[in-house]
Amino acid sequence: MDLLALADFNLVARHGGFGKASRATGRPKATLSRRVAELEASLDLRLFERGARTLKLTEEGRALSERTGQLLTELEETAAAIASGGHTPRGRLRISAPLLFSQTAMGKLAAGFALKYPEVRLEVTTEDRSVDMIEEGYDLVIRVNPEPDESLIGRIFLRDRLVVVASPDLAPPTIGSAVPAVVRGPVGRSDIWNATTPTGKSSIAVNPVLSLSSLIMVRDAVRMGVGAARLPISLVSYDLADGTLVNWGNVEGSEIALWTLYPTRRLLSARVSAFLDHLREAFPLGTPNELAAYLAK
């Protein structure tokens, strides 16, 4: 396969057209068109559906772009690193991270990484959904307790757990009565929260009275005494230490693991390796207390 033709095909696919690719790169439009046509002929496949004003990847073209685009980028970076005599991370690094971790820690992490590696163009997006890394062009994702995925590899870099917390002014739970609760997501019917305390297990009957979309908002509402809530220990450890909140017990089965994930079929780029090292430096032990200390800096 002609690597030059493959590179030109990926240029056109990335920019969404021959004209756009030509203007962005300075390559002649006729050359790009010829290279792509030669690649299609050599593969005996149509890679683009050509309309009067539109150009759209075929299913085969999309598959080829997904599988070869990153590899070509890695080859370019490797060649540049060898030519410069080093392996300095450079280029674009796209990361998807969950909402709470982004709100509390990702700003400082990203800023520290940008200062350390100024040749990397870091882009972080915040979303809790399971993104398609290949289709959406992410180099690395951070996820909470992800479902097993054979196409991805990664590791746990932080652990956390949920605790039931409340304002000290809120009456503790008693048998036969429900306590008001603040929840994330839709307000449902009365519920039972199973927790463990130093004296044993307890079942806390709760009546959801307030629904908020962010756990930080949930914490702030609990501080005001609206109700109890289940929150990560790292988010409330300092409130518990200074008495702003009290701990009613550890939520059973609430272990939280934050993973870094990336596709197994990609070469691990210097910029991804550098960010993984950056996370290890920030959280060498990966404990809830370590995360709480980082958030308090």
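In case you missed it, the structure is sitting above this.
Quick notes on the rules
- Residues numbered from 1 in each chain as written.
- Predicted model: local features only at pLDDT ≥ 70, side-chain atom pairs only at ≥ 80, totals over all residues.
- Heavy atoms only, no water.
- Helix = DSSP H or I, 4+ residues; strand = E, 2+ residues; numbered from the N terminus.
- Buried < 20%, exposed > 50% of the residue type's maximum accessible area, 1.4 Å probe, protein only.
- Polar contact = N/O pair within 3.5 Å; in protein donor to acceptor, adjacent residues only side chain to side chain.
- Contact = heavy atoms within 4.5 Å.
- Pairing = 2+ DSSP bridges.
- Right-handed = clockwise from strand over helix to strand, strands pointing away.
- Axes fitted to C-alpha atoms, helices over the stretch in contact; angles between N-to-C directions.
- Phe/Tyr/Trp six-rings, centres within 6.5 Å; stacked < 30°, edge-to-face > 60°.
- Core = buried A, V, L, I, M, F, W, Y, C linked by side-chain atoms within 4.5 Å.

Colleague: Could you give an account of the side chain of Glu127, with specific residues and numbers?
Modeller: Note that Glu127 resides in the loop between β4 (120–126) and α6 (133–136). The buried category is assigned to Glu127, whose relative accessible area is 18%. Side chain to side chain, Glu127 and Tyr138 meet in a polar contact 2.9 Å long. Aside from chain neighbours lying at most four places away, what touches Glu127 is Ser96, Ala97, Pro98, Tyr138 and Arg143.

Colleague: Pulling in residues and values, what's your account of the pairing of β4?
Modeller: Residues in a regular strand project their side chains so that they alternate between the two faces of the sheet. As defined by bridge partners, strand β3 (residues 91–97) adjoins β4 across seven bridges and the pair is classed as parallel. By the bridge assignment for β4, Arg94 is matched with Glu123. What joins β3 to β4 is helix α5 (residues 99–116), and the crossover it makes is right-handed.

Colleague: Give me the sheet that holds β3: which residues, what numbers.
Modeller: Read from one edge to the other, the open sheet built from five strands follows the order β4-β3-β5-β13-β6, with strand pairing classed as mixed. Of all the strands in the sheet, just β4 and β6 (152–160) have a single pairing partner and so form its edges. Geometrically, the sheet is characterised by an average inter-axis angle of 20° between neighbouring strands, direction not taken into account. Sheet analysis places β3 next to strand β5 (residues 140–144), joined by two bridges and oriented parallel. In the sheet register, Ser96 faces β5, and the bridge partner there is Val141. Lying on the sheet, helix α9 (residues 270–282) is in contact with β3, β4, β5, β6 and β13 (256–263); it crosses β3 at an angle near 50°.

Colleague: Could you give an account of helix α10 (residues 288–296), naming the residues involved and the relevant values?
Modeller: Taken as a whole, α10 has its buried residues at Pro288, Glu290, Leu291, Ala292 and Tyr294. Packing partners of the buried residues in α10 comprise α5, β6, α8 (233–242) and α9.

Colleague: Can you lay out the packing of aromatic side chains for me, pointing to particular residues and giving the numbers?
Modeller: Under the criterion given, the structure shown has eight aromatic pairs. Considering the side-chain rings of Phe157 and Phe283, the 6.3 Å spacing of their centres and the 40° angle between planes classify their relative orientation as tilted. Here Phe157 is found in strand β6, whereas its partner Phe283 is found in the loop between α9 and α10, with 126 residues between them in sequence. Members of the aromatic cluster, joined through ring pairs, are Phe101, Phe157, Phe283 and Tyr294.

Colleague: A description of the sheet that holds strand β10 (residues 200–212) should follow, citing residues and the corresponding values.
Modeller: The six strands are arranged β8-β10-β9-β12-β7-β11 in an open sheet whose pairing can be described as mixed. Single-partner strands in this sheet number two, and they are β8 (179–184) and β11 (229–232). On average, each strand axis in the sheet is tilted by 55° relative to the strand beside it, whichever way the strands run. The pairing of strand β9 (residues 191–197) with strand β12 (residues 246–251) spans two bridges and is classified as antiparallel. Bridging across to β12, Thr196 finds its partner in Asn250. Of the strands in this sheet, β7 (162–166), β11 and β12 touch α8, which is tilted by about 105° from β11.

Colleague: Provide a residue-level description of the nonpolar core, including the pertinent values.
Modeller: Ranked by size, the top nonpolar core spans 30 residues in total, and within it Phe101, Met106, Leu109, Phe157, Phe275 and Phe283 carry the most contacts. Where this core is concerned, the elements lending two or more residues are β3, α5, β5, β6, β13, α9 and α10. Counting residues per element, this core draws most heavily on α9, which supplies six residues. Apart from residues no more than four positions distant in its own chain, Phe157 is found in contact with Phe101, Ile142, Leu258, Trp259, Thr260, Leu279, Phe283 and Gly286. Counting residues in each nonpolar core, the second largest holds 15 residues, with Ala13, Phe48, Leu57 and Leu64 among its members.

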